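Letter by letter, the chains look like this.
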Amino acid sequence: MILLAARLAFENLFAPETRRVFWKVLGLTLVALAVLWFALRGAFNSFVLPWLQGFLPSTADWTGWLTLFLAIFAGIALALAMALLISPVTALLAGLFLDDVAEVVEKRDYPSDSPGTAMPIASAMKSSVRFLGVVIVGNIVALLLLFIPGVNLVAFFLVNGYLLGREFFEFAAMRFRSPDEAREFRVKHAFTVFLAGLVIAAFLAIPLLNLLTPLFAAGMMVHLYKLISHKEASVRVRRS
């Protein structure tokens, strides 16, 4: 079921509806980072640079060149910082559109099933922030174990596999169940969810492709939830 869910989710990334969501998220990410860059650059030029100039002798010829160098260096450093923020900011914004991805999967692959219920905007924002926190916490834990030979890579996959699997499976389940029922369903199938989380962690580890992680993970867990639910339903039918 896990490999089937992963394959279907990867194929879903090429669906026109999913591509539209990705370009929307990427566009919003670039706009947000551009606004942040101009804001930080303005703050540096208005407050930090004048403060640094106060420590330099006003009569020296080289102070003007040093000030220019500091301004250029700060601009480059901010640009590099923005590049590093592309992935987490994309993850944060993508969390607001996970229901769009789930709806695409449900309509394309499970048209005979009852459609799920999208989360309210407040819940979607909370889920988005929680996903970003999961990624940050998971990678901090893996970073702390970085210097332990043979543990760092394993830690990255175990921590991210557990956290990502839990968050995205509960997201998929909550489209059809209450939060408590979704949590119980996830606990019931904890090992399967964890293995699926390892697949998402592997996807997350691939540069550039990891920008699509929230969309891939949401689609994969919707498929996994549906496959598990259909299997349980068929077992109940056979027993009856």
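The chain appears in an unreviewed UniProt entry as CysZ protein from Rhizobium miluonense.

A. The packing of aromatic side chains, seen in detail. What the rule picks out here adds up to seven aromatic pairs. With a centroid separation of 5.3 Å and 10 degrees between ring planes, the pair formed by F176 and Y225 is classed as stacked. Placement of the pair is F176 in the loop between α6 (152-174) and α7 (179-188) and Y225 in helix α9 (residues 213-239), with a sequence separation of 49 residues. For F176, a relative accessible area of 28% puts it in the partly exposed group. For the pair F185 and Y225, a centre-to-centre distance of 5.4 Å together with 65 degrees between the ring planes defines the contact as edge-to-face. Here F185, found in helix α7, pairs with Y225, found in helix α9; they are 40 residues apart in sequence, far enough to count as distant. On the basis of relative accessibility, which here comes to 6%, the residue Y225 falls in the buried class. Ring pairs connect the aromatic residues F169, F176, F185 and Y225, which therefore count as one cluster. The positively charged end of R177 is found above the aromatic ring belonging to F185, 4.0 Å away from the centroid.

B. Geometry of the packing of helix α1 (residues 2-12) against helix α8 (residues 190-204). Look at α1 against α8: their axes get within 10 Å of each other, and the N-to-C directions meet at 40 degrees. Viewed along their axes, α1 and α8 adopt a mutual orientation that is oblique. Relative to α8, α1 is oriented so that their crossing is right-handed. From α1, I2, A6 and F10 reach across to α8, where they touch T192, L195, A196, V199 and F203.

C. Representation of the side chain of N12 within the structure. For N12, the position within the fold is in helix α1. If sequence neighbours within four positions are ignored, N12 has contacts with T18, V101, V104, V105 and R108.

D. The arrangement of the UniProt feature "transmembrane region" (unreviewed entry) in the chain in detail. What UniProt calls "transmembrane region" (unreviewed entry) maps, in this numbering, to residues 21-40, 65-98, 129-148 and 185-205. Structurally, residues 21-40 comprises 100% helix and 0% strand, and the distance from its first C-alpha atom to its last is 28 Å. Within the segment residues 185-205, helix and strand shares are 90% and 0% respectively, and the terminal C-alpha atoms sit 28 Å apart.

The rules we used
Residues numbered from 1 in each chain as written. Predicted model: local features only at pLDDT ≥ 70, side-chain atom pairs only at ≥ 80, totals over all residues. Heavy atoms only, no water. Phe/Tyr/Trp six-rings, centres within 6.5 Å; stacked < 30°, edge-to-face > 60°. Helix = DSSP H or I, 4+ residues; strand = E, 2+ residues; numbered from the N terminus. Buried < 20%, exposed > 50% of the residue type's maximum accessible area, 1.4 Å probe, protein only. Lys NZ or Arg CZ within 6 Å of the ring centre and 35° of its normal. Axes fitted to C-alpha atoms, helices over the stretch in contact; angles between N-to-C directions. Parallel < 35°, antiparallel > 145°, perpendicular 65-115°, else oblique. Left-handed = near helix turned anticlockwise from the far one by under 90°. Contact = heavy atoms within 4.5 Å. UniProt positions renumbered as here; feature names shortened; annotations may be inferred.

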